[in-house]
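# Structure at a glance
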Amino acid sequence: MADETPMKAVQVKLVLLGEAAVGKSSLVLRFVQNDFNENTSPTIGAAFLTQRCRLENRIVKFEIWDTAGQERFHSLAPMYYRNAAAAVVVYDITKSASLEKAKAWVKELQRQANPNIIIALVGNKLDLVSDTPSEPPTDGSEVERDEEDEETTPKPAESTEDGDSRQVSIAEAETYAKECGLLFFEASAKVGTNVNEVFTEIAKAIPLDTISPKPAAAAQGARKPATQAEGGVNLGEQQAKKGGCC
Amino acid sequence: MSPSELESDTYDVVVIGTNLSGSIVAASLAKAGKSILHIDPNEYYGSSHSSLTLDELIQWSSLHSSPSLTSHQYSQASTSTLTPSLHSDRRRYALSLYPAILPSRGSMIQTLIDSEVSKYVSFRLLGSVSVYNSTQPLNSSGEKEETGMVKNSKEVKVRRVPGSKEDIFKDTSINLRDKRKLMKFLLWASGSYEITTVFMENKHKRMGEFLKDVFGLDVKLADQICYAIAHCDDPEEKVERVLGRMNRYLKSIGRYGSGAFLVGQYGSAGEVAQGFCRACAVYGGTYVLGPSAKLESISASEDGVILRLPCHPRDIKASKVISTAEHLPENLRPAAAEVIITTAQCIAILPSFPELLRQSRGSSEGTQTEEEGSEENEDTAVLLFPPEGEMGLVRALIMGEGTGSCPPRQWILYLSSVVSESTPPKCLEPYLSRLSSEPLFSAFYFSHRPKYDIPAEKLLPSDKNIVLLRPCESLDMTEGMDWEAKQAEAAFWQVVGKDGQVGYFEKTEEGEESE
Ligand SMILES: Cc1cc2nc3c(=O)[nH]c(=O)nc-3n(C[C@H](O)[C@H](O)[C@H](O)COP(=O)(O)OP(=O)(O)OC[C@H]3O[C@@H](n4cnc5c(N)ncnc54)[C@H](O)[C@@H]3O)c2cc1C
Ligand SMILES: Nc1nc2c(ncn2[C@@H]2O[C@H](COP(=O)(O)OP(=O)(O)O)[C@@H](O)[C@H]2O)c(=O)[nH]1
Ligand SMILES: [Mg+2]
């Protein structure tokens, strides 16, 4: 109902997708808590995490839903996709099969999710390859990045075993991303490369008009998260766990 | 896209079926630290409480079209065909196999809050509750009844039930004396009625008679109370039972707004089930749905249950299995019930909010300020048709686009009525006609449930390591969700034992305000 003024935080539901173990939860943890867990695959243990992204003309408050392992047997519920305005589809650049899975998840999003959803394709584990260019998507990249934040240049891989474990080339993934109209990044949850950029670029790509929803947009587009639907009641008045600020 | 096997051969608990109670108990056990495998042979979440898209409903219907009961929960399902525009929008519908509203006080609300699943699922207040004033015989065509003339006719077809004290004062259709009687009764019923002698002396009476004899209410008002405030199937129901329920409904008023009931988004029950499944997954539960979760074998022994599933190459061992009867093989189910209760159900898509209910809105002065003011109110409604002829009470529940159940400017109508076995499947068609002359789509089906004469506690599966979840026995629309929440909690305690080690959806860190 009420018009959102541009500087008011607008809430955006973002979902993560991709094969198990590509680093989805790790990317969220890096973005929200600037942290990384080496061995244990982190269980977030929360409904969803929230994180703000401040842009020049608006603040986007991401409500980030992790798969909670339900991707493993392809048993993600329709609820997961509902009202998602953005999705991060992750693959592991050291496993070519994971890009194929990512493509299948993009298809699934096109079937299940809001047609205007912003999708970012992210090749994770950039730290494992030594041939890493210091600026990830290079030639002909249409991705705009904030140079000011660029202090976290990728470090060489810590693993001694192989510097040549890359199985997915930038060109291959980028070509696919362009064809499908996806944002594209290579990132590392472990060292932090490009993680903030993924979310910042998504925040920029979200059209302002889909952000302030009319009640009529209920079943469809991006809108306030389910708990704050127009005309809804707040059963418990609890808030989601809060993260820091980027 | 499926990996070839599960991460483990053993689980503390395997839950079969993603219906409401199964999903809640799965989440509660996962939160209590148990390892959970939750499976459902259907491709979709929710089992008998599912919310389906339009194409899923049509497929579901084709699987449940059999004319005979056999051992199935559903029979005689049929649907109309889809127009091209419905087909292209088919995924924008959330159609519930279990249409229900939720009292603002009760086990389900409490469980939603305690589990914090209320973060995933949202609810809104039910717009209105009305009772149909049957003045014309029910005819199968029914087309005469909802012409534009209705507005001007003297006869009020539908009476909106006052939702609060103010509503009663404002209601011009009740005279002052009746108002006083009504207020007196409601005040009594919403307080500590159970310690009064009036209650002690009359608790075994029939509700309808009790209202007439003891509170001096006329038949019309007594019926309204029974059907639309206490949500009885029938005014013959015993006072004790009715008041227990009604007291809770009256106390629900004011908790989240002026009505007693809430309507869930996206088909309600199915979405709530998904929310609990997600909570279970967040606490580490594993989910497998579809053919790879279809039980190949199950056998129970002293120290646990052994299962075989297509998703795993070896035996799966569980200390306990929790399931509804329909997922278990014959030998592990409780003995068949003597009586089967059959409910006729209809799901329809309407192109407009029923004219009948529009009229009942202001109940008098028809200066409707165009669409604007009414739009928000014309999203959800309950309408009760008192028994007529062969038919018992018929309940109608309407959910509009605000509930996320359908595209804009459409409404989902659910009709249901407990019927006898010989009733024809299309018995609800005349009711549909009263509400809409040209529905965009309709589906009809029967649902069946066992009614046992033995008390609930005695109804055990053949093995102690199998915990049975039972379906709601009656009054699904208002009581079903709370029933499911209670079943889940009972199953939780059956699994963990009451030794004080773990609590049911116990708070871990954040201190929570208690009620
Ligand atoms: C048709 C109808 C008539 C009713 N008439 C009465 C009545 O005459 N007397 C009565 O006590 N209860 C009446 N109730 C029930 C009443 O609305 C509350 O549900 C009940 O008092 C429960 O109180 P609570 O403190 O447990 O509820 P809570 O929901 O916790 O608190 C609600 C608070 O608001 C007050 N409240 C709720 N509704 C109204 C209202 N409409 N006007 C003024 N205050 C309100 C309650 O008394 C209470 O203090 C009626 C309900 C219906 C449906
Ligand atoms: N080297 C490296 N390892 C990573 C990275 N991201 C995640 N991992 C590891 O990959 C494994 C799976 O990560 P997780 O976030 O659980 O993946 P998810 O199943 O997609 O959520 C864990 O052992 C992580 O430590 C990364 O950027 N670099
Ligand atoms: Mg994960």
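Residues numbered from 1 in each chain as written. Chains lettered and ligands numbered in written order. Predicted model: local features only at pLDDT ≥ 70, side-chain atom pairs only at ≥ 80, totals over all residues. Heavy atoms only, no water.

Attention now moves to the overall build of chain A. Counting its secondary structure elements, chain A contains six helices and eight strands. Seen in sequence order, chain A has helices and strands lined up from the N terminus as β-α-β-β-α-β-α-β-α-β-α-α-β-β. Within chain A, the proportion of its 246 residues that are buried is 53%. Of all intrachain contacts in chain A linking residues separated by at least 6 positions in sequence, the fraction that spans at least 24 positions is 76%. When the accessible surface of chain A is summed, it comes to about 10700 Å², and 46% of that surface belongs to carbon and sulfur atoms. (Helix = DSSP H or I, 4+ residues; strand = E, 2+ residues; numbered from the N terminus. Buried < 20%, exposed > 50% of the residue type's maximum accessible area, 1.4 Å probe, protein only. Contact = heavy atoms within 4.5 Å. Areas by Shrake-Rupley, 256 points an atom, 1.4 Å probe, with all protein chains shown as cover.)

Attention shifts here to the overall build of chain B. Counting secondary structure elements, chain B contains 15 helices and 20 strands. Counting every position in chain B, which comprises 515 residues, the buried fraction comes to 56%. Considering only intrachain contacts with a sequence separation of at least 6, the fraction spanning at least 24 residues in chain B is 73%. Just so you have it, chain B exposes about 21700 Å², and 50% of that area is on carbon and sulfur atoms.

The next thing to look at is helix α9 (residues 219-229) of chain B. Residues and elements named next belong to chain B. Within α9, eight of the 11 residues are buried, leaving the element largely enclosed by the surrounding structure. If you check which residues of α9 are buried, you get Leu221, Ala222, Gln224, Ile225, Cys226, Tyr227, Ala228 and Ile229. The inward-facing, buried residues of α9 abut β8 (129-132), β9 (158-160), α6 (176-190), α8 (207-213), α10 (239-252) and β16 (380-385). Where α9 begins, one side-chain oxygen reaches toward the backbone nitrogen of Lys220, 3.1 Å away; that side chain belongs to Asp218. In the segment just after α9, His231 is the residue with positive phi, at about 55°. (Polar contact = N/O pair within 3.5 Å; in protein donor to acceptor, adjacent residues only side chain to side chain.)

Our next topic: the site of ligand 1. Residue and element names in this part refer to chain B. The environment of ligand 1 is made up of 16 residues, and the closest members are Arg105, Glu166, Leu187, Leu250 and Ile253. Within the backbone of Ile253, an N or O atom sits 3.0 Å from an oxygen atom of ligand 1. Within the contact set of ligand 1, an oxygen atom lies 3.5 Å away from a backbone nitrogen or oxygen of Arg255. At the level of elements, α5 (165-170), α6 and α10 are the ones that each hand at least two residues to the shell around ligand 1. The biggest single contributor to the shell around ligand 1 is α6, with four residues. Tallied by class, the residues present in the shell around ligand 1 amount to seven nonpolar, four polar and five charged. (Near = heavy atom within 4 Å. Nonpolar A, V, L, I, M, F, W, Y, C, P; charged D, E, K, R; others polar.)

Residues and elements named next belong to chain B. Tracing the sequence through the fold places Asn19 in the loop between β1 (10-16) and α1 (20-31). You can call Asn19 buried: its relative accessible area is 4%. In this structure, Asn19 is in contact with Gly46, Ser47, Ser48, His49, Ala273, Thr324 and Glu484, ignoring residues within four places of it in sequence.

The next subject is the side chain of Ser47 of chain B. Residue and element names in this part refer to chain B. Topologically, Ser47 is positioned in the loop between β2 (36-40) and β3 (51-52). For Ser47, the side chain forms a polar contact with the main-chain nitrogen of Thr18, separated by 3.1 Å. In this structure the side chain of Ser47 is engaged in a polar contact, spanning 2.8 Å, whose partner is the side chain of Asp40. Leaving out residues up to four positions away in the same chain, Ser47 has contacts with Gly17, Thr18, Asn19, Asp40, Asn42, Leu97 and His327.

Moving on to the site of ligand 2. Residues and elements named next belong to chain A. As a matter of local geometry, ligand 2 sits amid 21 residues, with Ala21, Lys24, Ser26, Glu38 and Asp127 nearest to it. Within the backbone of Gly23, an N or O atom sits 3.0 Å from an oxygen atom of ligand 2. A distance of 3.1 Å separates a nitrogen atom of ligand 2 from a polar side-chain atom of Asn124. In isolation ligand 2 exposes 580 Å². Once the protein is present, 88% of that is buried. Of the residues forming the shell around ligand 2, the biggest block, three residues, is contributed by helix α1 (residues 24-33). Looking at the shell around ligand 2 residue by residue, the classes come out as seven nonpolar, eight polar and six charged.

Time to look at the packing of aromatic side chains. Inspection of every chain in the model, using the stated rule, returns 27 aromatic pairs over all chains. Their ring planes at 70° and their centres at 6.5 Å tell us that Phe48 of chain A and Tyr120 of chain B sit as a pair that is edge-to-face. Separated into two different chains, Phe48 of chain A in the loop between α1 and β2 (49-54) and Tyr120 of chain B in the loop between α4 (107-115) and β7 (123-125) make up a pair that spans both. The two residues Phe48 of chain A and Tyr120 of chain B agree in class, both being buried. When the ring centre of Tyr176 of chain A is taken as reference, the NZ or CZ atom of Lys103 of chain A above it lies at 5.0 Å. (Phe/Tyr/Trp six-rings, centres within 6.5 Å; stacked < 30°, edge-to-face > 60°. Lys NZ or Arg CZ within 6 Å of the ring centre and 35° of its normal.)

For the structure shown, the criterion picks out 32 salt bridges over all chains. Close ionic contact of Glu100 of chain A with Lys103 of chain A constitutes a salt bridge, the shortest N to O distance being 3.7 Å. With Glu100 of chain A and Lys103 of chain A both in helix α3 (residues 96-112), this residue pair falls three residues apart, about one helical turn. Glu100 of chain A sits in the partly exposed class, given a relative accessible area of 45%. Owing to a relative accessible area of 24%, Lys103 of chain A belongs among the partly exposed residues under this scheme. Between Glu116 of chain B and Lys119 of chain B there is a salt bridge, with the nearest N and O atoms lying 2.9 Å from each other. For Glu116 of chain B, a relative accessible area of 15% puts it in the buried group. Members of the salt-bridge network, linked through shared partners, are Asp92, Lys95 and Lys125 of chain A. (Salt bridge = Lys/Arg side-chain N within 4 Å of Asp/Glu carboxyl O.)

Of note, the phi angle at Lys125 of chain A is positive, near 75°, even though the residue is not glycine. Examined against the element boundaries, Lys125 of chain A turns out to sit in the loop between β5 (118-124) and α4 (170-180). Of note in this structure, Glu116 of chain B is not a glycine but carries a positive phi near 65°. Tracing the sequence through the fold places Glu116 of chain B in the loop between α4 and β7.

Let's shift gears to the confidence of the model for chain A. Residues and elements named next belong to chain A. Summarising the model, chain A shows a mean pLDDT of 77, and 67% of its residues fall at 70 or more. Across residues 212-228, confidence stays below pLDDT 50; counting only partners more than four residues off in sequence or on other chains, it has 45 contacts. Across residues 238-246, where pLDDT falls below 50, the model places 28 contacts with residues more than four positions away in sequence or in other chains. (pLDDT = per-residue confidence, 0-100.)

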